[in-house]
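# A structural walkthrough
Chain residues, written in single-letter form:
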Amino acid sequence: RTRLAALEAGLAALDPRAVLDRGWALVRGADGNVVMSAAALAPGDQFTAVFRDGEVPAVAVGGSGTGKRRQGRKSAKDRGPENPPAAEPVQETMAI
């Protein structure tokens, strides 16, 4: 039983939801893939911030990234009228 409890604790520590419970957020691009770097987003790109209690849609307006993206991705302005811009972003910051 002790070994099983230890394995359960180890598995629980690897659960991505445990990270969200500690106050972190997960960022997913418009394609649903995890965004690992600020450099993967360009101004106008849509993304979703996932928190422990829900999700918030967002649009990149700038940041500290290099602005370099994977080759082949089009920015929001290059995607055309079939992908209209999202609602105006909320102008507030959140400390984590």
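Preceding this paragraph is the structure being described.
I will try to describe carefully the structure that is included in this document. (Residues numbered from 1 in each chain as written. Predicted model: local features only at pLDDT ≥ 70, side-chain atom pairs only at ≥ 80, totals over all residues. Heavy atoms only, no water.)

## What about the overall build of the chain?
Convention followed: Helix and strand assignments follow DSSP, with helices taken as H or I runs no shorter than four residues and strands as E runs no shorter than two, numbered in order from the N terminus. For the exposure calls, accessible area comes from a 1.4 Å probe over protein chains only, and a residue counts as buried if that area is under 20% of its type's maximum, exposed if over 50%, partly exposed in between. Contacts between residues were defined by any pair of non-hydrogen atoms, one from each residue, lying within 4.5 Å. Areas reported as accessible are Shrake-Rupley estimates using a 1.4 Å probe. Residue values count occlusion only from the protein chains shown.
Helices and strands together make up the secondary structure of the chain, namely two helices and three strands. When burial is assessed residue by residue, the chain has 17% of its 96 residues classed as buried. Contacts in the chain between residues at least 24 apart in sequence constitute 44% of all its contacts with a sequence separation of at least 6. With an accessible surface of roughly 7,800 Å², the chain has 57% of that area assigned to carbon and sulfur atoms.

## Focus on the sheet that holds strand β1 (residues 26-29)
Sheet strands pair by backbone hydrogen bonding; their relative direction is either parallel or antiparallel. Here is the rule: When DSSP finds two or more bridges between a pair of strands, those strands are recorded as paired. Inter-axis angles, ranging from 0 to 180 degrees, are taken between N-to-C directions of lines fitted to C-alpha atoms, where helices are fitted over the stretch in contact.
Ordered in space as β1-β2-β3, the three strands form an open sheet in which the pairing is antiparallel. Only two strands of the sheet have a single partner each, and these edge strands are β1 and β3 (54-59). Going from strand to strand, the sheet's axes swing by 25° on average, the running direction of each strand aside. When strand β2 (residues 46-51) meets β3, the two strands line up antiparallel, connected through six bridges. Opposite alanine 49, over in β3, you have valine 56 as the bridge partner.

## Some words on the environment of valine 59
Here valine 59 shows up in strand β3. Measuring from C-alpha to C-alpha, the distance between valine 59 and glutamine 46 comes to 4.4 Å, with 13 residues separating the pair along the chain.

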